[in-house]
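# Coordinate inspection notes
Letter by letter, the chains look like this.
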Amino acid sequence: MAAIEGLLALAAGRPRWAGGAALNNAGEAIARSRALVAQSPGEHTELLARCLQTTARLLLARGRAVEALPLAQEAVALSRSTGGAALSVALRRLAQAQEALHRYSDAAATLAEADRLRPSSDPPSD
């Protein structure tokens, strides 16, 4: 798992002009995470969602929103089981992809859902 985290950090830290290497590292992190999830379903789901979100962010930064969208959608689907901050982050990344594709009403609905999520540290309101 540390190797996957390292790949993500390496991908996220590469300069924009090194896009191919960053995306290769992120793609490898996704592949390794998928393998871990296949071996132990549920145990590494959050790691896979994080890999998908990071890769979507890298793609969006390079103007490749069409490729980023399905990754962001999958990250949201995986994050729904845990909810909380992880789901909020995934929803916000999905909204970025939707906005980049000029799907403004979808992005607004996605952001509204993210805004409705209460941080897990907040006490429940009566």
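Reference entry: report on the structure contained in this document. (Residues numbered from 1 in each chain as written. Predicted model: local features only at pLDDT ≥ 70, side-chain atom pairs only at ≥ 80, totals over all residues. Heavy atoms only, no water.)

## Quick notes on the overall build of the protein chain
The secondary structure content of the protein chain amounts to six helices and zero strands. Going from N to C terminus, the protein chain has its helices and strands arranged as α-α-α-α-α-α. Counting every position in the protein chain, which comprises 126 residues, the buried fraction comes to 40%. If you take every contact in the protein chain between residues at least 6 apart in sequence, the share linking residues at least 24 apart comes to 50%. For the protein chain, the exposed surface amounts to about 6,900 Å²; the carbon and sulfur share of it is 55%. (Helix = DSSP H or I, 4+ residues; strand = E, 2+ residues; numbered from the N terminus. Buried < 20%, exposed > 50% of the residue type's maximum accessible area, 1.4 Å probe, protein only. Contact = heavy atoms within 4.5 Å. Areas by Shrake-Rupley, 256 points an atom, 1.4 Å probe, with all protein chains shown as cover.)

## Considering the nonpolar core
Nonpolar side chains in soluble globular proteins tend to end up buried together. Counting residues in hydrophobic clusters, the biggest one holds 26 residues, and the most contacted among them are Leu52 and Val76. When residues of this core are traced back to their parent elements, those giving at least two are helix 2 (19-39), helix 3 (45-61), helix 4 (65-79) and helix 5 (84-100). Beyond its immediate stretch of four places on either side in the chain, Val76 contacts Leu87, Ala90, Leu91 and Leu94. (Core = buried A, V, L, I, M, F, W, Y, C linked by side-chain atoms within 4.5 Å.)

## Digging into helix 4
The terminal C-alpha atoms of helix 4 lie 20 Å apart, and with 15 residues this matches the ideal 21 Å at 1.5 Å per residue to within 8%. Residues of helix 4 that are buried include every one of Ala65, Ala68, Leu69, Leu71, Ala72, Ala75, Val76 and Ser79, and no others. At its buried positions, helix 4 is contacted by helix 3 and helix 5. (Expected span 1.5 Å × (residues − 1).)

## Section: helix 5
Here helix 5 spans 25 Å end to end across 17 residues, near enough to the 24 Å set by a 1.5 Å rise per residue. Among all positions of helix 5, only Leu87, Ser88, Ala90, Leu91, Arg93, Leu94, Ala95, Ala97 and Gln98 are buried. Buried positions along helix 5 lie against helix 3, helix 4 and helix 6 (104-116). His102 lies just past helix 5 and shows a positive phi near 65°.

## Quick word on the environment of Ser88
As for its position among the elements, Ser88 is in helix 5. Expressed as a C-alpha distance, the spacing of Ser88 and Asp115, which sit 27 residues apart in the sequence, is 7.7 Å. When sequence neighbours within four positions are dropped, the list of residues in contact with Ser88 reads Ala114 and Leu117.

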